[in-house]
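# Reading the structure
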Amino acid sequence: MEEGVNIFSIKDLESYSGIKAHTIRIWEKRYGILEPGRTDSNIRTYNEAELRKILNVAYLNRNGYRISRIASLGDKKISEEVLAVSGREGIHHEYAHPDSLLTPSINFNEEKLIGSIAPYIRKLGIEAAYIKILHPMLLRSRILWQTGEISRVQEQFVRNTVSKVLMIEDNLTRQSAKPKAVVGMMNTVDHAPVNNFLFYKIALKHYGCDVIFTGGILPVSKAFEIHRIKPFSVLVVNHEPSDSSEKDFGYLSRLGRSLLLRSIIVTDYTLAEACVTPENIIITQGPEDFLRTISLLTRLKKAS
């Protein structure tokens, strides 16, 4: 993806950053955070540079920076602050700083990148390796792209390589002969953290679940069709938040009741502002949160 080639809507910015569209509009008007283009019908449009900026703004805001302070910084200073904050997060890393693992991505050396990851998987197992090594590396590569330290194609190379590693691990992880639960998985958005979703499938299989995942992108209404063919008791869905998130959750809750599901787990929920959710909806914000949730929800021990 080259800067300026792709055009994004304010809804895209909301989905990528977790900042509600109406908040982005307020920040634009009050602080001049972004300067969107306009279509002939006066609809806001944004380029990749503005997408990267709102991601940086959101990152600093989540790390305690007031929006007024962020707005007083220039673009270069915002990037420097993001690098500084994210760098501090890895200083005391128990195993390896993500930057040291990302070096092979500069020259697109897939064999070397996989070779640097493999020892951690052998030592820790895929779950701990993903939490401690792979996921931090993915987050760091995204930060480096946001701040212009690596290109979009290099960041995409990292994501694609990690996907290959996870698919290998998924193929090595067999479904339990006597599953303790049947779980449906649906990815409903085209810019979801796909590697996280692959990891969740592996984790569920490790917990002895029979996992149904069609791959690709489907509307959540397709859960009825999947359930009719093969009933499941828990639905894991990467559902896109919106300005009307509570209405979205209401729909998911009704879907869950119609199918007599125990729970619906919404993964990687990035919307920064709080939202009231029905009792049968569980929100998880990342891999560690997801692992805690499935262990408590199913009360399952890992399959040997």
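Attention in this report is confined to the structure presented alongside it. Please read these numbers as outputs of a predicted model, since none were measured by experiment.

## Observations concerning helix H9 (residues 152–172)
- Along its 21 residues, H9 runs 31 Å from first to last C-alpha, staying within 8% of the 30 Å computed at 1.5 Å per residue.
- For H9, the complete set of buried residues consists of Arg152, Gln154, Glu155, Phe157, Val158, Thr161, Val162, Ser163, Val165, Leu166, Glu169 and Asp170.
- Packed against the buried residues of H9 are helix H3 (48–62), helix H6 (98–106), helix H7 (110–124), helix H8 (126–146) and helix H10 (194–206).

## Section: the environment of Pro219
- Among the secondary structure elements, Pro219 is positioned in the loop between strand S4 (209–213) and helix H11 (223–229).
- By relative accessible area, Pro219 is classed as partly exposed at 46%.
- It is 8.3 Å that separates the C-alpha atoms of Pro219 and Val189, two residues lying 30 residues apart in sequence.

## Digging into the pairing of strand S5 (residues 234–238)
- Burial runs high along S5: five of the five residues are buried.
- As judged from the five bridges shared by strand S3 (residues 181–187) and S5, these two strands associate in the parallel manner. What sits directly across from Met186, in S5, is Val237.
- Taken together, the four bridges between S5 and strand S6 (residues 263–266) define a ladder with parallel strand orientation. Bridge pairing in S6 links Val236 to Ile265.

## Section: the side chain of Ser17
- Examined against the element boundaries, Ser17 turns out to sit in helix H1 (residues 10–17).
- From its side chain, Ser17 meets the backbone oxygen of Leu13 in a polar contact 2.6 Å long.
- Polar contacts involving the side chain of Ser17 include one to the main-chain amide nitrogen of Ile19, which spans 3.1 Å.

## Brief notes about the sheet that holds S5
- Sheet architecture is open: five strands sit in the order S4-S3-S5-S6-S7, paired in parallel fashion. Because the sheet does not close on itself, it has two edges, and the strands there are S4 and strand S7 (281–283). Strand-to-strand twist of the sheet, defined as the mean angle between neighbouring strand axes without regard to direction, takes the value 20 degrees.
- Inspection of the sheet shows S6 paired to S7 by three bridges, in the parallel sense. Along S7, the bridge assignment pairs Ile265 with Ile282.
- In the packing of H10 onto the sheet, contacts are made with S3, S4 and S5, and the angle to S3 comes to roughly 175 degrees.

## Quick notes on unusual backbone geometry
- A positive phi angle, close to 70 degrees, is found at Asn42, a residue other than glycine.
- With respect to the secondary-structure elements, Asn42 resides in the loop between strand S1 (37–38) and strand S2 (44–45).
- You will see that Leu260, though not glycine, has its phi angle at about 60 degrees, which is positive.
- Position of Leu260 relative to the elements: it lies in the loop between helix H12 (245–258) and S6.

## Observations regarding the pattern of salt bridges
- Counted by the stated rule, this structure contains 13 salt bridges.
- Lys77 is paired through a salt bridge with Glu81; the nearest N and O atoms lie 3.4 Å apart. Of this pair, Lys77 and Glu81 both sit in helix H5 (residues 75–90), four residues apart, which is roughly one turn of that helix.
- With a relative accessible area of 14%, Glu81 lands in the buried category.
- Here Lys222 ties to Glu225 by a salt bridge, and the two come within 3.6 Å at their closest N and O atoms.
- Taking the relative accessible area as the measure of exposure, Glu225 reaches 37% and is therefore partly exposed.

Cut-off values and rules
Residues numbered from 1 in each chain as written. Predicted model: local features only at pLDDT ≥ 70, side-chain atom pairs only at ≥ 80, totals over all residues. Heavy atoms only, no water. Helix = DSSP H or I, 4+ residues; strand = E, 2+ residues; numbered from the N terminus. Expected span 1.5 Å × (residues − 1). Buried < 20%, exposed > 50% of the residue type's maximum accessible area, 1.4 Å probe, protein only. Contact = heavy atoms within 4.5 Å. Pairing = 2+ DSSP bridges. Polar contact = N/O pair within 3.5 Å; in protein donor to acceptor, adjacent residues only side chain to side chain. Axes fitted to C-alpha atoms, helices over the stretch in contact; angles between N-to-C directions. Salt bridge = Lys/Arg side-chain N within 4 Å of Asp/Glu carboxyl O.

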